[in-house]
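Letter by letter, the chains look like this.
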Amino acid sequence: MTILVKGAGVAGLTAAFALARKGHPVTLLDPKAPGVAASHYAGGMLAPWCEGETAPEVVVEAGAQAIGWWECALPGLVERKGTLVVAPPRDQSELERFARRTHRHEWVDEAGIAELEPALAGRFRRALFFRDEAHLDPRKALAGLFEALVSMGAKFLHEADDRAFCHIIDCTGRAAIVPRSQLRGVRGEMLYLTTQDLTLSRPVRLLHPRIPLYVVPRGDGRFMVGATMIESEHDGPISVRSLMELLNAAYTLHPTFGEAEVIETGTSIRPAYADNIPRITGSGRHLAINGMYRHGFLMAPALAQELAARFEAEPQRRSATA
Amino acid sequence: MLTLYGTELSSRLLLGTARYPSPAIMEEAIRASGAQIVTVSLRRETAGGGRGGQFFEVIRSLGVHVLPNTAGCHTAKEAVLTARMARDLFATDWVKLEVIGHHDTLQPDVFALVEAAQELCADGFKVFPYTTADLVVAEKLLEAGCEVLMPWASPIGSARGLVDPASLVSMRGHFPDVPLIVDAGLGRPSHAAQAMELGYDAVLLNTAVAGAADPVAMARAFASAIDAGHAGYHAGLLEPRDMAVPSTPVIGKAVFA
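A quick note: this is a predicted structure, and the numbers were derived from the prediction, not measured.

The rules behind each value
- Throughout, a residue's number is its position along its own chain's written sequence, starting from 1.
- Both sets of labels track the order of writing: A upward for chains, 1 upward for ligands.
- Given that the model is predicted, a residue must reach a pLDDT of at least 70 before its local features are reported, and side-chain atom pairs must reach 80 or more before they are shown or counted; all residues, however, enter totals for whole chains, interfaces and linings.
- Note: side-chain values were computed over all heavy atoms of the structure, leaving out hydrogens and water.
- As used here, the term nonpolar core means buried Ala, Val, Leu, Ile, Met, Phe, Trp, Tyr and Cys residues forming a set that is joined through side-chain atoms within 4.5 Å.
- Only protein chains enter the accessibility calculation, which uses a 1.4 Å probe; a residue is then buried when its area is under 20% of its type maximum, exposed when over 50%, and partly exposed in between.
- Secondary structure elements follow DSSP: runs of H or I of four or more residues count as helices, runs of E of two or more count as strands, with numbering from the N terminus.
- We call two residues in contact when some of their heavy atoms are within 4.5 Å.
- Summed over both partners, buried area is the accessible surface (1.4 Å probe) that two parts give up on being assembled.
- Salt bridge, as used here, is a side-chain nitrogen of Lys or Arg placed within 4 Å of a carboxyl oxygen of Asp or Glu.
- Any pair of N or O atoms that falls within 3.5 Å is considered a polar contact. Within protein, one atom must be able to donate a hydrogen and the other to accept it, and sequence-neighbouring residues count only if both atoms are side-chain atoms.
- Just so you know the grouping, Ala, Val, Leu, Ile, Met, Phe, Trp, Tyr, Cys and Pro go in nonpolar, Asp, Glu, Lys and Arg go in charged, and all remaining residues, Gly too, go in polar.
- Axis angles are defined between N-to-C directions and span 0 to 180 degrees, where every axis is a line fitted to C-alpha atoms and, for a helix, only to the segment in contact.
- Oblique is the label for any angle not under 35 degrees, not over 145, and not in the 65 to 115 range, which are roughly parallel, roughly antiparallel and roughly perpendicular in turn.
- Each crossing gets its hand from how the near helix is turned against the far one by less than a right angle, where anticlockwise is left-handed and clockwise is right-handed.
- On a scale of 0 to 100, pLDDT captures the predictor's confidence in every residue.
- What marks off one domain from the next here is an automatic or database domain assignment.
- The pairing test for Phe, Tyr and Trp rings, Trp by its six-membered ring, is centres within 6.5 Å, and the orientation test on the planes gives stacked under 30 degrees, edge-to-face over 60, and tilted for anything in between.
- Geometrically, a charge over a ring is one whose NZ (Lys) or CZ (Arg) sits within 6 Å of the ring centre while staying within 35 degrees of the ring normal.

A.B. asks: I tried to follow the nonpolar core on my own but got confused; where do I start?
C.D. replies: Note on soluble globular proteins: their nonpolar side chains tend to be buried together. Counting 80 residues, the largest nonpolar core has B:Leu97, B:Val127 and B:Val203 as its most contacted members. Considering each element in turn, this core owes the most residues, 8 residues, to helix H4 (residues 110–122) of chain B. When near neighbours in sequence (up to four residues on either side) are disregarded, B:Val203 contacts B:Arg12, B:Leu13, B:Leu14, B:Ile181, B:Val182, B:Leu186, B:Ala192, B:Ala195, B:Met196 and B:Ile226. A:Ala16, A:Leu28, A:Ala47 and A:Leu298 belong to the second-largest nonpolar core, a separate cluster that totals 69 residues.

A.B. asks: Explain the interface of chain B and chain A here, please?
C.D. replies: How big an interface is tends to be stated in terms of the accessible area lost upon association of its parts. At the interface, 23 residues of chain B touch 20 residues of chain A. Across the chain B to chain A interface the summed buried area is about 1,800 Å²; carbon plus sulfur atoms make up 46%. Our count for the chain B to chain A interface comes out at 0 salt bridges. At the junction of chain B and chain A, the tally comes to 5 residue pairs in polar contact (both at pLDDT 80 or more). Partitioned by chemical class, the residues of the side of chain B that touches chain A number 8 nonpolar, 10 polar and 5 charged.

A.B. asks: When you look at the packing of helix H1 (residues 23–33) of chain B against helix H9 (residues 215–235) of chain B in this model, what are you seeing that I'm missing?
C.D. replies: Angle between the axes and distance between the axes: these two values describe a pair of packed helices. All names here are of chain B. Relative orientation of the contacting elements H1 and H9 amounts to 20 degrees, with a least axis distance of 8 Å. In terms of axis orientation, H1 runs roughly parallel to H9. In this structure, H1 crosses over H9, and the sense of that crossing is right-handed. Residue-level inspection shows Ile25, Glu28, Ala29, Ala32 and Ser33 of H1 in contact with H9, the latter providing Pro215, Val216, Ala219, Arg220 and Ala223. Partitioning the contact of H1 with H9 into residue classes produces 7 nonpolar, 1 polar and 2 charged.

A.B. asks: Sorry if this is basic, but what is going on with the pattern of salt bridges here?
C.D. replies: Side chains that differ in charge, positive against negative, can pair when their charged atoms come close. Evaluated as defined, the whole model comprises 27 salt bridges over all chains. Between A:Asp162 and A:Lys6 there is a salt bridge whose closest N-O contact spans 3.1 Å. Within this pair, whereas A:Asp162 is found in the loop between strand E8 (155–157) and strand E9 (167–170), its partner A:Lys6 is found in strand E1 (residues 3–6), the two being separated by 156 residues in sequence. Residue classification places A:Asp162 among the partly exposed positions, given a relative accessible area of 24%. One salt bridge connects B:Arg172 with B:Asp201, and the closest N-O pair in it is separated by 2.7 Å. Of the two residues, B:Arg172 is situated in helix H6 (residues 165–174) and B:Asp201 in the loop between helix H7 (189–197) and strand E10 (202–205); the sequence distance between them amounts to 29 residues. We classify B:Arg172 as buried; its relative accessible area is 9%. Judged by relative accessible area, B:Asp201 falls into the buried class, the value being 18%.

A.B. asks: What is the right way to read the confidence of the model for chain B from this model?
C.D. replies: Low-pLDDT portions of the prediction should not be read for the details of their coordinates. Chain-level statistics for chain B give a pLDDT mean of 89 and a share of 91% at 70 or above. Model confidence for the complex: the whole-complex pTM is 0.83, and ipTM, which rates the interface, is 0.74.

A.B. asks: Is there a simple way to explain the domain arrangement of chain A in this structure?
C.D. replies: Residues and elements named next belong to chain A. When the domains of chain A are assigned, the result is domain 1 (1–79 + 135–183 + 274–322) and domain 2 (83–131 + 184–272). Measuring from the centre of the C-alpha atoms in domain 1 to the corresponding centre in domain 2 gives 27 Å. In this complex, domain 1 contributes 30 residues to the contact, which on the side of domain 2 involves 35 residues. Between domain 1 and domain 2, roughly 2,800 Å² of surface is buried when both sides are summed, and carbon and sulfur atoms account for 58% of that area.

A.B. asks: In this structure, what is going on with the side chain of A:Thr102? I would like to understand it.
C.D. replies: Residues and elements named next belong to chain A. You can see threonine 102 is positioned in the loop between helix H4 (92–101) and strand E5 (106–109). Relative accessible area serves as the criterion here: at 7%, threonine 102 is assigned to the buried category. In this structure the side chain of threonine 102 is engaged in a polar contact, spanning 2.7 Å, whose partner is the backbone oxygen of phenylalanine 98. Not counting the four nearest positions on each side in its chain, threonine 102 is found in contact with Trp49, Cys50, Gly52, Glu53 and Phe130.

A.B. asks: Just to check I follow, could you spell out the packing of aromatic side chains for this structure?
C.D. replies: Any pair of aromatic rings gets described here by the distance separating the centres and the angle formed by the planes. Under the counting rule described, the total for this entry stands at 10 aromatic pairs over all chains. Here B:Phe55 and B:Phe56 contribute two aromatic rings whose centre-to-centre distance is 6.4 Å and whose plane-to-plane angle is 45 degrees, an arrangement assigned as tilted. By way of ring pairs, the aromatic residues A:Phe17, A:Trp69, A:Trp70 and A:Phe297 are connected into one cluster. Against the face of B:Tyr130 rests B:Lys96, its NZ or CZ located 5.4 Å from the ring centre. Residue placement shows B:Arg172 over the ring face of B:Tyr200; its charged tip is 5.9 Å from the ring centre.

A.B. asks: What is the right way to look at the environment of A:Thr14 in this model?
C.D. replies: All names here are of chain A. Note that threonine 14 resides in helix H1 (residues 10–21). Of the residues examined, threonine 14 reaches a relative accessible area of 0% and is grouped as buried. Sequence separation between threonine 14 and proline 301 is 287 residues; the distance between their C-alpha atoms is 6.2 Å. With sequence-adjacent residues up to four places away left out, threonine 14 is seen in contact with Trp69, Trp70, Leu145, Ala300 and Ala304. From its side chain, threonine 14 meets the backbone oxygen of alanine 11 in a polar contact 3.0 Å long.

Spelled out as structure tokens, the structure:
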């Protein structure tokens with residue numbers, strides 16, 4: 001039984017990986033290189049409890065499983081160091097609100113912040129610490145999955161004929177946003193900064209009534225700063241306003257970012273359903289995983305496992321109906 | 001019935017469409033609120049020449065009046081351009097005119113507001129100006145051709161409620177026949193009820209509903225508060241008194257000390 005997985009972003013790679021690990025012969029199809037679309041610009045935060053501020057419970061629950069999945073799939077890549085959430089003094093009420101809407105966090109004081117992130121010592125009086133959260137480098141993760149797939153014998157093609165395969169799994173993300181697909185695009189903008197003068201060990205979220213931001217350390221003095229959420233499918237370069245807001249917020253987190261260098265900016269269009277919850281759709285030999293919204297790395301493992309489980313159940317279903 | 005630019009409406013709640021957890025929850029909240037007018041921000045969503053995509057389709061499919069707004073505009077020129085773009089995108093001549101003058105408080109720049117209102121009214125727009133409770137500015141907006149005024153209660157998204165009720169009262173007293181809508185700063189249903197008890201015709205809100213833990217339930221709560229405040233105002237509110245007044249008459253006692 002040969003399976004064609006279309007799209008080599010986080011949804012396609014995790015789906016192909018989960019299927020290949022169960023011993024299914026998998027072919028991966030993408031007209032471009034693996035991991036160059038929206039997944040390439042992901043934050044890589046495995047922060048289900050923080051996301052619970054606005055995300056529904058199903059995302060929090062599935063997301064909580066993702067940390068273990070990534071650790072198991074790509075040993076050594078996941079950093080289990082938690083998330084630190086701070087707010088400027090005048091926006092303290094945002095921190096209270098965030099705490100009320102989320103769980104699995106603890107309050108830390110100035111000394112606690114200094115212990116966790118010495119670079120932020122004295123900058124904030126209080127913070128929320130989400131101890132159980134984790135992060136990874138999405139670009140390394142996608143490359144790692146691809147490498148693992150190749151070593152498991154999966155093929156990678158730039159074009160293929162659907163008819164040569166028993167099953168088609170469409171993980172084409174944004175490309176599947178067409179009328180009546182129920183999908184829409186949500187624009188996200190991000191940037192990479194580099195400075196050797198600042199060290200962070202874990203993602204830090206800065207709350208702001210209008211411009212919430214996160215900074216994720218990538219090692220070697222590189223930091224990913226993200227991300228805007230704009231209801232638009234326009235994929236042009238980052239706007240001056242967004243760039244200004246992201247940079248202002250980074251500067252508020254630490255003035256040292258004022259001397260950092262901007263090494264990359266990026267824009268991606270993230271596919272989402274109306275409820276912002278990703279899902280498996282389709283039937284028979286055509287299935288699709290889409291609507292990852294801003295939760296690709298958080299939600300893809302749960303969907304990949306659900307997909308693999310469907311293929312496990314398949315032979316039994318067949319014999320039951322035979 | 002509330003009449004705004006000749007359109008009759010039974011709901012006195014105008015709801016914003018920004019910052020909901022998802023479009024699905026937004027749609028449910030709008031339905032639960034009974035709102036017949038929703039405001040939509042154009043500036044960011046159409047940045048870079050974008051057309052807003054599927055999100056605008058969701059708004060169009062709601063079957064309610066769309067009131068595009070010029071949120072995020074800092075000059076009269078920007079606001080006028082955004083209003084014209086909105087007219088094309090949503091096929092409406094309604095516009096909520098918002099010209100921001102101060103980055104931190106998002107206070108309206110009333111000079112640019114009057115300038116933009118003059119230009120848009122002359123161009124046939126039906127302008128809903130987001131303004132302060134300043135009577136002089138209000139006069140100038142009416143002179144420009146606005147038939148509705150939307151004074152703030154407190155800064156946008158601040159959830160502080162009516163920080164200066166006296167100004168709102170004098171505005172109501174000064175413009176008895178102009179539809180007045182309290183726009184911005186409401187955080188709780190009681191704030192909306194208070195605005196309606198002052199005799200305001202409607203309220204406009206967004207963050208108080210979109211940012212609630214349960215936006216759908218909060219939309220319903222605001223709708224009830226607005227109905228209660230409106231009904232209370234028309235039922236004739238008692239003025240506060242300095243001394244207790246027994247609700248059961250006390251007969252046969254020397255009560256007049």
